[in-house]
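Listed below are the residues making up each chain.
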Amino acid sequence: MMHSMTEAEREKAFEERIQRGEVIEPKDWMPERYKKQLIRMMSQHAHSEVVGMLPEGNWITRAPSLRRKAVLLAKVQDEAGHGLYIYCGTETLDVSREQLVDELLAGKAKYSSIFNYPTLSWADMGSIGGLVDGAAIVNQTALAKCSYGPYARAMVRICKEENFHHKQGYEILATLMKGTPEQRAMAQESVNRWWWPALMMFGPSDKDSPNSAELLRWRVKRHSNDDLRQRFIDRTVPQAEN
């Protein structure tokens with residue numbers, strides 16, 4: 001039926017499907033702009049998962065116990081898997097994984113800038129898990145209900161693993177805060193450094209975001225940047241107070 005329709009009719013039918021809450025699958029017709037926005041967003045997300053292994057990988061050999069080392073190794077391995085899931089999702093949009101990785105290695109691709117911050121102490125493994133992964137869960141839980149099927153389904157598994165990462169980080173910080181004065185100071189200093197970068201993981205404010213309105217209309221994003229940021233604050237501050 002789509003083949004006999006004009007471009008305008010196809011776009012109208014697509015918009016109606018989105019408004020009905022239907023899930024768009026790879027073989028379905030979609031506007032080129034919708035496809036480009038998905039590729040941009042998914043590739044940036046996949047790259048962030050891969051680059052996110054680096055600051056934590058730096059501490060594998062310096063973890064304070066064998067248990068901590070094993071847990072950190074598992075977490076870094078999970079992040080590689082998350083990148084793979086999302087790269088596979090972009091392949092359904094006719095973009096090869098090799099092309100996206102080449103763009104990342106060449107410095108042409110964007111990823112979350114939070115992973116450029118140095119990890120200066122072991123407490124940073126707690127802050128990354130408790131704050132950075134906590135912010136990621138808020139973002140990704142919403143994406144699990146996005147309008148593009150492969151992306152939404154990848155998020156379901158990723159969110160389960162991110163919950164483990166978040167608990168690992170929270171445990172590290174909680175353990176340090178029950179330790180010596182030096183350990184408590186190290187934990188506090190780390191949280192102070194990572195708090196503002198974690199808030200910026202949600203992107204610019206809604207009025208300054210060039211893509212949010214379109215992504216919200218197409219239900220790729222289900223909540224605005226500012227709404228997600230506030231949700232993260234409401235969830236994290238009581239944890240810190242406890």
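As a starting point, this report considers the structure included with it. (Residues numbered from 1 in each chain as written. Predicted model: local features only at pLDDT ≥ 70, side-chain atom pairs only at ≥ 80, totals over all residues. Heavy atoms only, no water.)

Focus on the layout of surface pockets
Then, in step 1: Taken as a whole, the largest pocket holds about 1,200 Å³ of empty space.
Then, in step 2: Taken together, 47 residues line the largest pocket, and the ones lying closest to its centre are Gln44, Ser112, Asn139, Met201 and Gly203.
Then, in step 3: Those elements giving two or more residues to the lining of the largest pocket turn out to be helix H2 (32-51), helix H6 (123-143), helix H7 (149-177), helix H9 (212-217) and helix H10 (225-241).
Then, in step 4: Within the lining of the largest pocket, the residues separate by chemical class into 20 nonpolar, 16 polar and 11 charged.
Then, in step 5: Empty space within the second largest pocket amounts to approximately 420 Å³.
Then, in step 6: If you go around the second largest pocket, you meet 17 residues; those closest to its centre are Tyr170, Leu173, Val191, Gln239 and Ala240.
Then, in step 7: Here the lining of the second largest pocket is built from residues that sort into 10 nonpolar, 6 polar and 1 charged. (1 Å grid on protein atoms, 1.4 Å probe; cavity = no way out; pocket = protein on both sides within 12 Å on 5 of 7 lines; lining within 4 Å. Points joined across faces, edges and corners; volume = space filled by probe spheres on them. Helix = DSSP H or I, 4+ residues; strand = E, 2+ residues; numbered from the N terminus. Nonpolar A, V, L, I, M, F, W, Y, C, P; charged D, E, K, R; others polar.)

Let's talk about the packing of aromatic side chains
Here a ring pair, both rings aromatic, is described through the centre-centre distance and the interplanar angle of the planes.
Then, in step 1: Under the criterion given, the structure shown has 7 aromatic pairs.
Then, in step 2: Between Phe14 and Tyr34 the ring centres are 4.9 Å apart and the planes differ by 70 degrees, which places this aromatic pair in the edge-to-face class. Taken together, the residues Phe14 in helix H1 (residues 7-19) and Tyr34 in helix H2 connect sequence positions 20 residues apart. Taken individually, Phe14 and Tyr34 each receive the classification buried, so the pair is uniform in this respect.
Then, in step 3: Ring plane angle 25 degrees and centroid distance 5.8 Å describe the contact between Trp195 and Phe232, whose orientation is recorded as stacked. With Trp195 in helix H8 (residues 181-199) and Phe232 in helix H10, the pair connects residues that are 37 residues apart, well separated along the chain. (Phe/Tyr/Trp six-rings, centres within 6.5 Å; stacked < 30°, edge-to-face > 60°. Buried < 20%, exposed > 50% of the residue type's maximum accessible area, 1.4 Å probe, protein only.)

A few points about H7
Then, in step 1: For H7, which comprises 29 residues, the first-to-last C-alpha distance of 42 Å matches the rise-based estimate of 42 Å (1.5 Å per residue) to within 8%.
Then, in step 2: A bend of about 25 degrees at Ile158 is the largest found in H7. (Expected span 1.5 Å × (residues − 1). Bend = angle between axes of the 7 residues up to and from the residue.)

Some words on the packing of H6 against H10
Then, in step 1: Running from N to C, H6 and H10 cross one another at 130 degrees; their axes reach a closest spacing of 10 Å. The orientation of H6 with respect to H10, classified from their angle, is oblique. Between H6 and H10 lies a crossing of right-handed hand. Contact residues: H6 offers Leu131, Gly134, Ala135, Ile137, Val138, Asn139 and Ala142, while H10 offers Leu228, Arg231, Phe232, Arg235 and Thr236.
Then, in step 2: Partitioning the contact of H6 with H10 into residue classes produces 7 nonpolar, 3 polar and 2 charged. (Axes fitted to C-alpha atoms, helices over the stretch in contact; angles between N-to-C directions. Parallel < 35°, antiparallel > 145°, perpendicular 65-115°, else oblique. Left-handed = near helix turned anticlockwise from the far one by under 90°. Contact = heavy atoms within 4.5 Å.)

Here we look at the packing of helix H4 (residues 66-91) against H6
The relative placement of two packed helices is expressed as an angle between their axes plus a distance between the axes.
Then, in step 1: The interhelical angle for the contact between H4 and H6, taken along N-to-C directions, is 40 degrees, at an axis separation of 12 Å. The angle between H4 and H6 places the two elements in the oblique class. In the crossing of H4 with H6, the sense of the turn from one axis to the other is left-handed. Of the residues in H6, those touching H4 at Leu72, Lys75 and Glu79 are Met125, Ile128, Gly129 and Asp133.
Then, in step 2: When the residues that make up the contact of H4 with H6 are grouped by side-chain class, the tally is 3 nonpolar, 1 polar and 3 charged.

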